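What follows is the residue order along each chain.
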Amino acid sequence: MAQIRNVARFVRVKAMTTVRKVDLVVPLATQATAMRTADTAGLDTQGRSGAVSLLTVYSGRRGDVESTIHRSAAPVPLGIRTSTTATRIGTTPTTSAALEPSADEQTRHHAEFSFEELVQAYLDCRRTKRNSASALAFETNLERNLCRLNDELLEGRYQPGKSICFVITRPKLREVWAAEFRDRIVHHLLYNRIAPRFYAGFIADSCACIPGRGTLYGAKRLEAKIRSITQNWSQPAHYLKLDLANFFVSIDKRVVRQLLAKRVDGWWLQLAEQVLFHDPRQDFELRGDPDLLARVPAHKRLTSQPAHLGLPIGNLSSQFFANVYLDLMDQFIKHELHCKHYIRYVDDFLLLHTSPQWLNAAKWEIEEFLRDNLGARINPSKTILQPIERGVDFVGQVVKPWRRYTRRRTFNDALSRAAQIPAHELFETANSYFGLLRQSTHSHRDRTMLANVLRHRGHCINKDLTKTYRQSTKGGSNGNQ
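Model, not experiment: these values are computed from the prediction.

1. Some points on a positive patch on the surface
On the surface, Lys172, Arg174, Lys382 and Arg409 cluster together to form a positively charged patch. Along the polypeptide, Arg174 turns up in strand β5 (residues 174-178). Taking the relative accessible area as the measure of exposure, Arg174 reaches 33% and is therefore partly exposed.

This is the structure we're talking about:
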């Protein structure tokens, strides 16, 4: 086995017209923070955003796999849990998430994906998780694990595994559910195939979890809409900002399933149902302090919801399903209310109009639509109606006449964290904040203040005030890193 592990493994996928070679295993990085990109000749993985990629249509047949490890070899564990503070909890809720009946639930459809698509899903999944424990454990026996996952999907034996539950404290207490690495590969496989079918119908003002439509896209588009309705800040106008109450834990899975069935059928619909209705509460591992989980308000916890409500925060599939769910509201506001200036980022959305009375009337109609069609409701404590000239806070930025800057709370947190966090975490954190601040049009003063904090801690800053450098082992800074 030692000799086998030292041999570079290749997965060779044969298509109808060409042969693509995908090098799935490369030497581990010398530092845990280094990001590595595998050689993927023939697979276009450039120009994609975040942890997801656009659909690549493969017309070839299922690829043959030549491996030094035979498929009949004894199976190996698919995950390694290294947390010493982990508390394993196996729960059996009184209600289980049974699949919503479908017209063809008695028929198991033939799988309609190629092994090449599964490989691409793996590459997308590991892009930002390459050095995580779960990704490294999966990569240790990469070919065997991919083949096993491929066979389970083809034969209808695939079942989601154990989830990990933990609590984040910034910006506020919230429980997060992370699926196993192999399950996240399945999420990417599903997403890569069916997401483009829905993107074609989404409005251009829907942001988040869509390639090219992140926070910067949302901020720029809002600024353009404001300048349009105010005629370059020369005319008065108002905005209505709304937020859905307890959004992810209140999503009705049955509604999502009906919306998916309009554009997806066969095996892909069955896979979408399996991912959608999987209840992570049935088998999960709690990491961190259990008392911290108890501090999360009950109405914001997935564990407090009925089986048919709620999607786990932390999975790519949940973000995609949320967009499908809220597309109904987007279409209603744009085509029924005829609101020209509208934009949404996840569950935060804005309507712009010259008349505050029109915005008030629109609010009541939106609340009625959400109650009757989605089973959702508006959070009254986060509802804002005021003139645009006072400034519009959206996606972490504030838009005011002729300028756009980072939200003050975010900026103050950046200064506080840069001054207090341990030295070994400062490089990544500071550069993350520099990247966030530079998205604003008026951020030079903010970046200057952040740079001064870093200089006092011994770090060098480039002349454009856009990044800092690692400190050398001798205590100075190294501008070549």
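That covers the picture; the talk isn't over yet.
2. Describing the pattern of salt bridges
A full pass over the atoms with the stated rule returns 21 salt bridges. Note that Asp413 and Arg170 form a salt bridge whose closest N and O atoms lie 4.0 Å from each other. Here the residue Asp413 occupies a position in helix α12 (residues 408-420), and Arg170 occupies one in the loop between β4 (163-168) and β5, the gap between them amounting to 243 residues. Lys363 is the partner of Glu367 in a salt bridge, and the nearest nitrogen-oxygen pair spans 3.1 Å. Of this pair, Glu367 and Lys363 both sit in helix α11 (residues 356-374), 4 residues apart, which is roughly one turn of that helix. When salt bridges that share partners are traced, they join Asp205, Arg221, Lys225 and Lys334 into one network.

3. Some details on empty space enclosed by the protein
As enumerated under the stated definition, the model contains 4 cavities of 30 Å³ or more in all. Its volume calculated, the largest cavity comes out at about 170 Å³. Considering the residues around the largest cavity, the lining is formed by 18 residues, among which His187, Val275, His278, Pro312 and Asn315 are closest to the centre. Listing elements by their share of the lining of the largest cavity, those giving two or more residues are α5 (181-199), α8 (266-277) and α10 (316-336). Partitioning the lining of the largest cavity into residue classes produces 10 nonpolar, 7 polar and 1 charged.

4. Remarks on the sheet that holds strand β11 (residues 384-387)
The 5 strands are arranged β6-β9-β10-β7-β11 in an open sheet whose pairing can be described as mixed. Every other strand in the sheet has two partners, leaving β6 (206-207) and β11 as the edge strands with one partner each. Taken together, the 6 bridges between strand β7 (residues 238-243) and strand β10 (residues 348-353) define a ladder with antiparallel strand orientation. Bridged to Asp243 within β10 is Asp348.

5. What about the layout of surface pockets?
Taken as a whole, the largest pocket spans an internal volume of roughly 1900 Å³. Along the walls of the largest pocket sit 45 residues, with Pro171, Lys172, Arg174, Tyr345 and Asp348 positioned nearest its centre. Only β5, β7, α10, β9 (341-345), β12 (392-394), α12 and α13 (423-437) provide two or more residues apiece to the lining of the largest pocket. Its residues assigned to classes, the lining of the largest pocket comprises 20 nonpolar, 11 polar and 14 charged.

Rules behind the numbers
- Residues numbered from 1 in each chain as written.
- Predicted model: local features only at pLDDT ≥ 70, side-chain atom pairs only at ≥ 80, totals over all residues.
- Heavy atoms only, no water.
- Patch = residues over 30% accessible without salt bridge, like charges linked within 9 Å, V, L, I, M, F, W, Y side chains within 5 Å.
- Areas by Shrake-Rupley, 256 points an atom, 1.4 Å probe, with all protein chains shown as cover.
- Salt bridge = Lys/Arg side-chain N within 4 Å of Asp/Glu carboxyl O.
- Lys, Arg positive; Asp, Glu negative; His and termini not counted.
- Charge placed at Lys NZ, Arg CZ, Asp CG, Glu CD.
- Helix = DSSP H or I, 4+ residues; strand = E, 2+ residues; numbered from the N terminus.
- Buried < 20%, exposed > 50% of the residue type's maximum accessible area, 1.4 Å probe, protein only.
- 1 Å grid on protein atoms, 1.4 Å probe; cavity = no way out; pocket = protein on both sides within 12 Å on 5 of 7 lines; lining within 4 Å.
- Points joined across faces, edges and corners; volume = space filled by probe spheres on them.
- Nonpolar A, V, L, I, M, F, W, Y, C, P; charged D, E, K, R; others polar.
- Pairing = 2+ DSSP bridges.

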